[in-house]
Amino acid sequence: MGYWNEDIECMSREDMTALQNERLRAQVKHVYENVPYYRDLMDKKGLKPEDIQTIDDLKKLPFLSKSDLRDTYPYGMLACPLSECVRIHSTSGTTGKRVVAFYTQNDIDMWEDCCARAITAAGGTKEDVLQVCYGYGLFTGGSGLHGGSHKVGCLTLPMSSGNTKRQIQFMMDLQSTILCCTPSYAAYLSETLYEMGYTTNDIKLKAGIFGAEPWTEEMRHSIERSLGIKAYDIYGLTESSGPGVAFECSEQNGMHINEDNFIPEIIDPDTGEVLPDGEEGELVFTSITKEAFPLIRYRTRDLCVLTKGTCSCGRTLIKMCKPKGRSDDMMIIRGVNVFPSQIETVLIEKGYTPNYQIIVDRVNNVDTLDINCEVPEGLNDYEIPAKEKALAGSIKHMLGITPKIHLVPAKTIARSEGKAVRVIDKRKLID
Ligand code: DLL
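Quick caveat: nothing in here was measured; it's all calculated off a predicted structure.

Rules of the game
Residues numbered from 1 in each chain as written. Predicted model: local features only at pLDDT ≥ 70, side-chain atom pairs only at ≥ 80, totals over all residues. Heavy atoms only, no water. Helix = DSSP H or I, 4+ residues; strand = E, 2+ residues; numbered from the N terminus. Rg over C-alpha atoms; globule rule 2.2 N^0.38 Å. Buried < 20%, exposed > 50% of the residue type's maximum accessible area, 1.4 Å probe, protein only. Contact = heavy atoms within 4.5 Å. Areas by Shrake-Rupley, 256 points an atom, 1.4 Å probe, with all protein chains shown as cover. Lys, Arg positive; Asp, Glu negative; His and termini not counted. Charge placed at Lys NZ, Arg CZ, Asp CG, Glu CD. Axes fitted to C-alpha atoms, helices over the stretch in contact; angles between N-to-C directions. Parallel < 35°, antiparallel > 145°, perpendicular 65-115°, else oblique. Polar contact = N/O pair within 3.5 Å; in protein donor to acceptor, adjacent residues only side chain to side chain. Domains from an automatic or database assignment. Buried area = accessible area lost by both parts, 1.4 Å probe. Salt bridge = Lys/Arg side-chain N within 4 Å of Asp/Glu carboxyl O. Pairing = 2+ DSSP bridges. 1 Å grid on protein atoms, 1.4 Å probe; cavity = no way out; pocket = protein on both sides within 12 Å on 5 of 7 lines; lining within 4 Å. Points joined across faces, edges and corners; volume = space filled by probe spheres on them. Nonpolar A, V, L, I, M, F, W, Y, C, P; charged D, E, K, R; others polar. Phe/Tyr/Trp six-rings, centres within 6.5 Å; stacked < 30°, edge-to-face > 60°. Lys NZ or Arg CZ within 6 Å of the ring centre and 35° of its normal. Near = heavy atom within 4 Å.

Colleague: What is the right way to read the overall build of the protein chain from this model?
Modeller: A tally of helices and strands in the protein chain yields 12 helices and 20 strands. For 431 residues, the compact-globule formula gives about 22 Å, and the C-alpha radius of gyration of the protein chain, at 22 Å, lands near that figure. With respect to the three principal axes, the spread of C-alpha positions in the protein chain is 75 × 55 × 40 Å. Residues classed as buried in the protein chain amount to 55% of the 431 residues present. Partitioning the intrachain contacts of the protein chain with sequence separation of at least 6 by distance along the chain shows that 66% fall at a separation of at least 24. For the protein chain, the accessible area works out to roughly 18500 Å², and carbon and sulfur atoms hold 50% of it. Charged side chains of the protein chain number 49 positive and 61 negative; the gap between the two group centres comes to 3 Å.

See the structure below:
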C-alpha cells in the first residue's frame, strides 16, 4: 500500500531528528512569546527559549495537563490572534469543563494531511468511497476524517453517527469501500447489517479506520470477521488536533506517530520522569507545527509503549501500541488494577458479543464487580447459571478477582453510536 507523504513517512532518523529540532526551537519561541501562561511556567523554572535547542532538551520544559486547559479556558492557551483562527473543536466535557481547541487554516491543513496519511495507509485512493460515521460537530472525528478523505480524493459520505439502518442502506447503495467510526459503532453496524437480512456479500467494504476509544485485538478480529474487512486503528485527541496523531499501516501492530508534527515521550505518570524506550508509561505530546493551540509536553493520560525502528511497511515513524486506556480508566477493585479492555478480551474470546457493561460498587466496605453481557444465541435458560459460572472463572483467571456475571437477554444492552460507555463506577458517587 502506498504512502501519502513518502519523504516524511520514510525519512531517516537523522533527518527526522534534525527536522524536529528545528521545529521545536521555533515552537518554543512562538509559545514563549505568545502564551503568557506558559511563559510564566518557563520563567518559574528559569528557562528561556534559547535553552531549548534539541529534542534532548524537551525534558527541561514544564508539562501541561487538562487542568491547565481548564484553568485557562477559553482563550488562555491561544498563541495567535483570534482573527487568524478559522475553527474550534471541543472535548465532550464528561469530566468537567470542556476543553476548546483552536485552529488556523494551516492547522487544519496539517491535521487533514495526517488523516490523509492514515487513509492511504489503510489502502484508500481516489477510487474509494469513504463513509464517515464519526460524529460531526464539536467532536473532531467527523471533520478530521472528512478532510483527510477530501485530500485523498475519495468520494466522501458525510453521514455522521446514528440512524444506523440508513447507514447500512447508503453503504450498500453507494458501495462504500472504507468505513470510519468508533470500533463499538462498527460492531453495532455489523449487527444491524445481519438483522436487516444482509451479509458481507451485499457490501463492498474493504477497510475500516476505527479509533477514539480503547479496543482490543479480539474486538478487531470480531469486526474484521463480521464485516469482511481489514480494521485499522487510528489515534488522536482534541488537544493536539484530533484523529491522525497516529495511524496504523498494513502490519496492524501499532500506530505510526506523525512525528514531523508531534513529538512523543513516555513518562512515569507518578514522577514525571522520562522512561527509557520500550517501557510502558503515560504518553506525552509536543505539537511542533500547530499555530493556534500549540501544546508543549501535554500529558494525555493514555498508557502505552513506543517502538522505534523501520517497519515492514517501510515507514520509519515511531510506533505507539494500542493504548490500554487512560490512567483515569483504570479501576482499582479490591486492590487489583483492572482495565475494561482486559474484561473485553475474555468476553470476546469466549464468544460473547462486544456489548457489555461493568458495574463497580462498594457494599459493606467491600468492592463489588458485576458484569452484564448478553446471552449467546441458542442458549437454553437452564444452561445460563453454568455459563455465568464458567465466564466468572475465566475472568477471575485474567484479573485475580471473581466478578458476578449476569447474562441478560440479547440486544438489551444499549448500543453505542460514538464512544461506548462501558463502566458505571457507583463508588465515585459515594466517595
Ligand atoms: O477521540 C479523536 C479521535 C477521533 C481519534 C476519531 C480517533 C478517531 P477526544 O474526544 O479528545 O479525541 O478523545 C481523546 O480518546 O486521549 C484516548 O484516551 C482516546 N482514544 C483516541 N483514539 C484512541 C485509540 C478523539 N485508537 C482520547 N485507542 C484519547 C484507544 C483512543 N484510545
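Colleague: Is there a simple way to explain the packing of helix 5 (residues 105-121) against helix 6 (residues 140-152) in this structure?
Modeller: Two measures define how a pair of helices packs: the angle their axes make with one another and the distance between the axes. Where helix 5 contacts helix 6, the axes come no closer than 7 Å and their chain directions differ by 75°. In terms of axis orientation, helix 5 runs roughly perpendicular to helix 6. For the pair formed by helix 5 and helix 6, the contact residues are Asp109, Trp111, Glu112, Asp113, Cys115, Ala116, Ile119 and Thr120 on the first element and Thr140, Ser143, Gly144, Leu145, Gly147, Gly148, Ser149, Lys151 and Val152 on the second.

Colleague: Explain the side chain of threonine 300 to me, please; I cannot follow it from the model alone.
Modeller: Residue placement: threonine 300 occurs in strand 12 (residues 298-304). One polar contact links the side chain of threonine 300 to the main-chain amide nitrogen of aspartate 302, over a distance of 3.0 Å. Other than its neighbours up to four places away in sequence, threonine 300 contacts Tyr235, Leu237, Glu282, Leu283, Phe285 and Arg326.

Colleague: Just checking my understanding: could you explain the domain arrangement of the protein chain for this structure?
Modeller: Domain boundaries assigned for the protein chain yield domain 1 (1-327) and domain 2 (331-430). Of note, the centres of domain 1 and domain 2, computed from C-alpha atoms alone, are 30 Å apart. Residue-level contacts link 24 residues of domain 1 with 16 residues of domain 2. The junction of domain 1 with domain 2 conceals about 1600 Å² of combined surface from both sides, 58% of it contributed by carbon and sulfur atoms. Our count for the domain 1 to domain 2 interface comes out at two salt bridges.

Colleague: How do you make sense of the pairing of strand 12 when you look at a structure like this?
Modeller: Look at any regular strand and the pattern is simple: side chains alternate between the two faces of the sheet. A large share of strand 12 lies buried, amounting to six of its seven residues. Relative to strand 12, strand 11 (residues 281-287) runs antiparallel, the two being bridged by four bridges. When the sheet's bridge partners are listed, phenylalanine 285 is paired in strand 12 with tyrosine 298.

Colleague: I tried to follow the sheet that holds strand 19 (residues 404-408) on my own but got confused; where do I start?
Modeller: Sheets are built from strands that pair by backbone hydrogen bonding, the pairs being arranged parallel or antiparallel. As summarised here, the arrangement of the four strands in space is 19-18-17-20, forming an open sheet in which the pairing is mixed. Single-partner strands in this sheet number two, and they are strand 19 and strand 20 (423-425). Looking at each pair of strands side by side, their axes are set apart by 20° on average, direction ignored. Pairing between strand 18 (residues 366-374) and strand 19: five bridges, direction parallel. Along strand 19, the bridge assignment pairs isoleucine 371 with isoleucine 405.

Colleague: I tried to follow the layout of surface pockets on my own but got confused; where do I start?
Modeller: Any empty space left between the atoms is revealed when a probe the size of a water molecule rolls over them. Counted as a void, the second largest pocket has a volume near 570 Å³. If you trace the second largest pocket, you find 22 residues lining it, with Glu191, Tyr352, Thr353, Pro354 and Glu377 closest to the centre. Among the secondary structure elements, those contributing two or more residues to the lining of the second largest pocket are helix 8 (183-195) and helix 9 (217-227). When residues in the lining of the second largest pocket are grouped by element, the largest group, six residues, is from helix 8. Counted by class, the lining of the second largest pocket contains nine nonpolar, six polar and seven charged residues. Both of domain 1 (1-327) and domain 2 (331-430) provide at least three residues apiece to the lining of the second largest pocket.

Colleague: How do you make sense of the packing of aromatic side chains when you look at a structure like this?
Modeller: The relation between two aromatic rings is expressed through the spacing of the ring centres and the mutual angle of the planes. Applying the stated rule across the entire model yields eight aromatic pairs. When the ring of tyrosine 103 is compared with that of tryptophan 111, the centres are 5.2 Å apart and the planes differ by 25°; the resulting orientation is stacked. For tryptophan 111, a relative accessible area of 1% corresponds to the buried category. Residue placement shows arginine 220 over the ring face of tryptophan 215; its charged tip is 5.7 Å from the ring centre. The lysine or arginine in question, lysine 322, covers the ring of tryptophan 215, its NZ or CZ lying 3.7 Å from the ring centre.

Colleague: What should I look at first to understand unusual backbone geometry in this one?
Modeller: The phi angle of most residues is negative, glycine excepted, and most peptide bonds adopt the trans form. Between tyrosine 73 and proline 74 the backbone carries a cis peptide bond, its omega angle lying at -5°. Looking at the element boundaries, proline 74 is found in the loop between helix 4 (66-71) and strand 1 (85-90). For serine 160, which is not a glycine, the phi torsion comes out positive at approximately 60°. Looking at where serine 160 falls in the secondary structure, it is placed in the loop between strand 4 (155-158) and helix 7 (164-173). Phi at arginine 297 takes a positive value of approximately 50°, unusual for a residue other than glycine.

Colleague: Just to check I follow, could you spell out the site of the ligand for this structure?
Modeller: Neighbouring the ligand are 21 residues, the closest being Asp233, Ile234, Thr238, Asp302 and Arg326. Measuring from an oxygen atom of the ligand, one finds a side-chain N or O atom of aspartate 302 at 2.6 Å. For the ligand, whose accessible area on its own is 600 Å², the fraction buried by protein is 95%. Listed by contribution, the elements that provide at least two residues to the shell around the ligand are helix 6 and strand 7 (230-237).

Colleague: Would you explain the sheet that holds strand 9 (residues 255-257) in this entry?
Modeller: If you walk across this open sheet you meet the nine strands as 4-3-5-6-7-8-9-14-13, and the pairing is mixed. Either end of the sheet is taken by a strand with one partner, and the two such strands are strand 4 and strand 13 (306-307). Of the pairings in the sheet, the one linking strand 7 to strand 8 (residues 242-248) comprises four bridges and is antiparallel in character. Paired with isoleucine 234 across the bridge in strand 8 is phenylalanine 247. The strands touched by helix 5 within the sheet are strand 3 (129-132), strand 6 (207-211), strand 7 and strand 8, with strand 8 carrying the most contacts at an inclination of about 30°. Each of strand 5 (178-181) and strand 6 touches helix 8; the most contacted strand, strand 5, lies at about 125° to it.

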